[in-house]
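Take a look at the letters that make up each chain.
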Amino acid sequence: MYYNNRGQFVNIPKNRILPYRTFLAASIAATLMGCGGNQNDFDDVQTSTTPNPAPVVPTPSSVPAFDTDGVLTADITWTTYGVPHVKADNLESMAYGVGYAFAKDNLCVLADQIIKYNSERSKYFGPDEQAGSGDSEHLINDFGFLTLGIRELAEQNLAGLSANSRAMFQGYTAGYNRYLADTPVAEQDQSCAGQPWVTDIDSTDLLTYSLGVALLPGAANFLGPMFLAAPEGESYLPTPAASASITSHVDTNSILASGTPTTNAAPFKINPTIELPEKNPQDMGSNGWGLGSDKTTNGMGMVLGNPHFPHTGNLRFWQFHTQIPGYLNVLGGSLTGLPGAVNIGFNEDVAWTHTFSTAEHFVVYQLTLDEDDNTGLTHRVDGSKRTIYEKPMQIEVAVAPGQTIMLDKTAYYTNYGPMIEVPGSFDWTDTNAYAIKDANLPNFDVVDHWLAMNMATSMDEFKQAFMDYDGVIFNNTMAASADGQVFYIDDSTVPNLTETAISELTSNPVLVQTKQAAGFTVLPGFVSAFDFDGPVPYNEAPKYEGTDSVQNSNDSFWLTNLASPITGVSPLYGDVDYQQTLRSRLGQQFIESEAGSDSTFTPQEVESLLLNNRSMLADMVLPSLLQACTAQGSDPITVNGEDVDITEGCAALASWDGTMNKDSVGAHVFREFAFQFNSDPQWETPFSLDNPVTTPSGLLQNDTTLAQFAAAVQVINQAGVDLDATLGEVQFVERSLPDGTASGEKLPWAGAHNIEGGFNVFNIVPDNNGTLLPRHTYEPLNSNTIMSAEAEGYHINYGSSWMMVINFTEEGPKGRGLLSYSQSRSYGTDHFLDQTELYSTQPTLRELYFTDEEISANTISTLSLSSEEN
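Residue numbers restart at each chain and count upward from 1, following the sequence in its written direction. In keeping with the model being predicted, local features are shown solely for residues with a pLDDT of at least 70 and side-chain atom pairs are shown and tallied solely at 80 or more, while totals for entire chains, interfaces and linings include all residues. The side-chain numbers reported here are obtained from all heavy atoms of the structure, hydrogens and water having been left aside.

Caption draft 1: The arrangement of the overall build of the protein in detail. Only DSSP runs of H or I with at least four residues qualify as helices, and only runs of E with at least two residues qualify as strands; both kinds are numbered from the N terminus onward. When helices and strands are counted, the protein shows 21 helices and 38 strands. When accessible area is computed with a 1.4 Å probe and restricted to protein chains, residues below 20% of their type maximum are described as buried, those above 50% as exposed, and intermediate ones as partly exposed. For the protein, the proportion of its 870 residues judged to be buried stands at 61%. Residue pairs in contact within the protein that sit at least 24 positions apart in sequence constitute 71% of those at least 6 positions apart. The method behind every accessible area is Shrake-Rupley, applied with a 1.4 Å probe, and residues are considered shielded solely by the protein chains displayed. For the protein, the computed accessible surface area is about 31,800 Å², with 47% contributed by carbon and sulfur atoms. Contact between two residues is taken to exist if any of their heavy atoms lie within 4.5 Å; hydrogens are not considered.

What follows is the structure in structure tokens.
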């Protein structure tokens, strides 16, 4: 029983939960029809009165934060493959050196991201990603991040950050600016050198960027729906500012989205395509292991880190080493713009890695609008009126070389967060509307959290970092310590729903089916019991600790440790009791049954498993597939109206060695079969909860299987690729020239793909890579393959990136690693392609230099950096 809009107690009808006239709701309604009468209309929901847990106050670190004499100093030593080792006596100076070294390798990436999150893409690049198309991608970006308010949040909260965070933001930006000031334009990355948007940055810029990155798995995917959101009868379109004048060269007759020119119209076409957002549009993934004393040959901890991220764009890793003697000594890799802290790496006592979590980081709320407010700007919560606020925004938009105009737009905000609208799925009508609430908006813990991990001197201190902070945003964490302990936690930032909300979310058919249809959680917004206040606390997050092993390959927390499944946590973290991916199963098999003869692992054995390029699917179905295609012989199989002879494909498959190595003949034939198989799997043995790692398995030899194999042969023939080619002739890395055209230098590339159940996996990313930096890609033949006819194969630009295997020894940590796409993105520089060529020759890791003696023996250049010289 709840208040209606007139303050009366009533049973809430089901059609107030979701607007059934929408496409999304229609699909849900069809499901509910088969369930009989659903009488669960939330009439037993009670507003939660559970008190929030008291916040944990972090213990201040004793590491010196700021420089004390007004002069920042850092010593940078570069070792082979261009890895910088930065030594300083405080965090600000350390970050100064890191910022300088990073800019030397990746100036253009961060410069691009600063204008992205500062809502300035339109200012420099015009309204569209494809000029003149009306796609409005730059308008959507700029107004979207203004709607989220990240720049405003940075300006308001920078001074309130910890001293450590402020010191690192300040030092890093000073180092970046120093590189920009010292380096002639001709020696900078020519992808952006000399452009007007490549300018000095400050701490507010970098904090704005950090706040934006935290939203990547959540609200940042809803910028389009925010752009469209407007009350019924109101236009979402931006308009020229009152003081703006449209210059004579601008075509004032450009057609708008409405198709009708108006006197207050923007002088260009605005016709965006807005669809239901994907949860993980950049397909972030990874493998991560922590092996404890029970699993390692020397009885000390070991970590395998293997993030699968884009090789170009805003999610590139970069390797470095920092030292503040007596306080900090950490080596590893980080994503762009983290000011001096290591994301994935090790120190003298602990090593750790991350994988992308299955957890949800936001909730979409359906609002019940007040029937008495014909403006559509009032909704009700627990019977009380709540205002939907109008938020005025303004951006600068380039309309011709050297000329811009100012555009105004209104965003709408509620107690939950920004309003959103997706036509046909989440419409703003006269009765219902939608808002998104992201647990990472804002997240000011990012730098402090990773710094605390970097400085941990024991597993207990490492765990304390997660108790004190909530800044790992969208990651699982696997760690191992020198004394052989292992630890897993999914402490990604997850909405802390009430017990009431969790109960309804998991039992009410409407909410269950809505989540399945949308791909994310949608809850009623007219009841405060469905709201959340902050993220799930440490003690309620899924975790495991012991001396055996932890692992994750982007399935949920459930089977982190096969012997001790994790259950009983918020459903927003992911599922339990479900079929695992082929990659997860292969990783589990490695840990459980492929250790050395003594059932323990050496680092050499772990590296061999990482790079062996096996296929889990082939292990299970290849013999049966060969039997079926051999029995078919030369009799053609009809696929899409074409008769396909599979004889040569079957012969190539018979020559395949079952791995995805460069010299593997016919590997691509099996991959293309795997793509077809994935659309309609013909398993002989179905999935069983009793055997989640070994099932499903086996291949049914039937007409469907043969048709799938024939379709695979057809794809390869259409691409003009030889069926009996080696993988190295088909799969390659090719870099872009600074202007974005193909370099023409194709490096053969070993490695598997998720589709065939590989572990060391790679892929193509033909779409936006998060930046506007020029690059080339090759379109695949269709949506059911990554093979391109234009490329005559697979153009790899995603996958295993910063790889490492770290084992603690009595002499300290020993590690091998590789950054597969190399340190620098600046074309033609010494470290633009060196590690890439190393991997291309033969997949391998290389030594990581951690001690002063190792660094000295492998030094290639040094620099003593001082702000006094600037």
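Caption draft 2: Just the state of the cysteines, in detail. Here, the term disulfide refers to a pair of cysteine sulfur atoms separated by no more than 2.5 Å. Taken as a whole and judged by the stated rule, the model has 2 disulfides. The side chain of Cys108 participates in a disulfide bridge whose partner is Cys192; the two sulfur atoms lie 2.0 Å from each other. Taking the sign of the S-S torsion, about -85° here, the bridge from Cys108 to Cys192 comes out left-handed. Remark: Cys192 occurs in the loop between α6 (163-182) and α7 (203-213) and Cys108 occurs in helix α2 (residues 91-117); sequence separation between them is 84 residues. The pair Cys108 / Cys192 is uniform in exposure class, with both members buried. Between the sulfur atoms of Cys629 and its disulfide mate Cys650 the distance is 1.9 Å. A torsion of 65° about the S-S bond marks the disulfide between Cys629 and Cys650 as right-handed. Here Cys629 is found in helix α15 (residues 616-632), whereas its partner Cys650 is found in helix α16 (residues 647-654), with 21 residues between them in sequence. Residue class for Cys629 comes out buried when judged on its relative accessible area of 2%. Under the relative-accessibility criterion, Cys650 is labelled buried at 7%.

Caption draft 3: Spatial organisation of the side chain of Asn329. Tracing the sequence through the fold places Asn329 in strand β9 (residues 328-335). Of the polar contacts made by the side chain of Asn329, one reaches the side chain of His321; its length is 2.6 Å. A polar atom in the side chain of Asn329 sits 3.2 Å from the side chain of Glu348. Look past the residues within four positions of Asn329 in its chain and what remains in contact with it is His321, Thr322, Gln323, Phe346, Asn347, Glu348 and Phe850. N or O atoms closer than or at 3.5 Å make up a polar contact, with two conditions inside protein: a donor-capable atom paired with an acceptor-capable one, and, for residues adjacent in sequence, both atoms drawn from side chains.

Caption draft 4: Local environment of the pairing of strand β19 (residues 475-481). Of all the 7 residues making up β19, 7 are buried; the element is thus mostly covered by neighbouring parts of the structure. Both faces of β19 are covered, namely the face carrying Asn475, Thr477, Ala479 and Ser481 and the face carrying Asn476, Met478 and Ala480. Should DSSP find at least two bridges between two strands, the strands are taken to pair. In this structure, strand β11 (residues 350-356) lies alongside β19, joined through 7 bridges in antiparallel fashion. Considered in β19, the bridge of Val350 is made with Ser481. The sheet contact formed by β19 and strand β20 (residues 486-490) spans 5 bridges and is antiparallel. Paired with Asn476 across the strands is Asp490, a residue of β20. Taking the residues between adjacent antiparallel strands as the criterion, β19 and β20 are bridged by 4 residues, where Gly484 takes a positive phi near 90°.

Caption draft 5: Expanded view of the sheet that holds strand β24 (residues 543-546). Read across the sheet, 10 strands follow the order β24-β20-β19-β11-β10-β9-β8-β4-β3-β38 without closing on themselves; strand pairing throughout is mixed. Both outer strands of the open sheet, β24 and β38 (859-866), are each paired with one neighbouring strand and no more. Averaged over all pairs of adjacent strands, the angle between their axes in this sheet comes to 15°, without regard to strand direction. Only the contacting stretch of a helix is used when fitting its axis, a line to C-alpha atoms as for every element, and angles between N-to-C directions run 0 to 180 degrees. Its contacts with the sheet put α2 on β3 (73-79), β4 (83-87), β8 (317-324), β9 and β38, and the angle it makes with β8 is roughly 155°. Its contacts with the sheet put helix α9 (residues 446-455) on β9, β11 and β19, and the angle it makes with β11 is roughly 145°.

Caption draft 6: Focus on the packing of aromatic side chains. Stacked, tilted and edge-to-face are the three classes assigned to paired rings of Phe, Tyr and Trp, where Trp is represented by its six-membered ring and a pair needs centres within 6.5 Å; plane angles under 30 degrees give stacked, over 60 edge-to-face, the rest tilted. Per the stated rule, a full pass over the model turns up 36 aromatic pairs. For the ring pair Phe673 and Phe677, a centre distance of 5.7 Å and an interplane angle of 40° mean the geometry is tilted. In this pair, Phe673 and Phe677 are both assigned in helix α17 (residues 667-679), 4 residues apart and thus about one turn of the helix distant. Neither residue differs from the other here; Phe673 and Phe677 are each classed as buried. The structure contains a cluster of three or more aromatic residues connected by ring pairs, namely Trp656, Phe670, Phe673, Phe677, Trp683 and Phe709. When the NZ atom of lysine or the CZ atom of arginine is within 6 Å of a ring's centre and also within 35 degrees of its normal, the charge is said to sit over that ring. The cationic tip of Arg671 hangs over the ring face of Tyr794; the distance from NZ or CZ to the ring centre is 4.8 Å. Over the aromatic face of Phe832 sits the side chain of Arg735, whose NZ or CZ is 4.9 Å from the ring centroid.

Caption draft 7: Molecular detail of the environment of Ser861. Summarising the element assignment, Ser861 is placed in strand β38. In this structure the C-alpha to C-alpha distance between Ser861 and Thr79, which are 782 residues apart in sequence, comes to 7.1 Å.

Caption draft 8: Main features of the nonpolar core. Val364 and Phe462 are the most contacted members of the largest nonpolar core, which totals 173 residues. Among the elements that line this core, the one with the most residues is α2, at 17 residues. To form a nonpolar core, buried Ala, Val, Leu, Ile, Met, Phe, Trp, Tyr and Cys residues must be joined to one another through side-chain atoms within 4.5 Å. Judged by nonpolar contacts, the second largest core, of 70 residues, contains Ala652, Met660, Phe670 and Ala712.

Caption draft 9: View of the packing of α15 against α16. Closest axis-to-axis distance for the α15/α16 pair is 10 Å, and the angle between their directions is 150°. With respect to α16, the element α15 is oriented roughly antiparallel. As α15 runs across α16, the sense of the crossing is left-handed. Of α16, the residues touching α15 (which contributes Leu622, Leu625, Leu626, Cys629 and Thr630) are Cys650, Leu653 and Ala654. As a working rule, the residues Ala, Val, Leu, Ile, Met, Phe, Trp, Tyr, Cys and Pro are called nonpolar, Asp, Glu, Lys and Arg charged, and the rest polar, with Gly in that last group. Class assignment for the residues of the contact of α15 with α16 results in 7 nonpolar, 1 polar and no charged. Small angles under 35 degrees read as roughly parallel and large ones over 145 as roughly antiparallel, with 65 to 115 read as roughly perpendicular and the rest as oblique. The handedness criterion is simple: a crossing whose near helix is rotated anticlockwise from the far helix by less than a right angle is left-handed, and one whose near helix is rotated clockwise is right-handed.

Caption draft 10: Region of the structure containing the sheet that holds strand β5 (residues 239-240). The antiparallel open sheet is built from 3 strands, whose spatial order is β5-β16-β15. A single partner strand is all that each edge strand has here, and the edge strands are β5 and β15 (389-400). Strands β15 and β16 (403-413) of the sheet are contacted by helix α4 (residues 137-148), whose axis makes an angle of about 150° with β15.

Caption draft 11: A look at the pattern of salt bridges. Criterion for a salt bridge: a side-chain nitrogen of Lys or Arg within 4 Å of a carboxyl oxygen of Asp or Glu. This model, assessed by the stated rule, comprises 17 salt bridges. The closest approach of N and O atoms between Glu360 and Lys515, which form a salt bridge, is 2.6 Å. Here the residue Glu360 occupies a position in the loop between β11 and β12 (362-368), and Lys515 occupies one in helix α12 (residues 509-518), the gap between them amounting to 155 residues. Lys515 gets classed as partly exposed once you look at its relative accessible area, which sits at 23%. Glu756 is the partner of Arg671 in a salt bridge, and the nearest nitrogen-oxygen pair spans 3.1 Å. Of the two residues, Arg671 is situated in helix α17 and Glu756 in the loop between β31 (742-748) and β32 (762-763); the sequence distance between them amounts to 85 residues. Like Glu756, Arg671 is buried. Salt bridges here are not isolated pairs; linked through shared partners, they connect Arg151, Glu155 and Asp205.

Caption draft 12: Representation of unusual backbone geometry within the structure. Across the junction of Leu441 and Pro442, the peptide omega takes the value -5°, indicating a cis bond. Here Pro442 lies in the loop between β18 (432-438) and α9. The omega torsion across Thr695 and Pro696 is 0°, close enough to zero to call that bond cis. Structurally, the position occupied by Pro696 is in the loop between β28 (683-685) and β29 (697-699). Positive phi outside glycine occurs at Glu792, with the angle close to 55°. Structurally, Glu792 can be placed in the loop between β32 and β33 (794-795).

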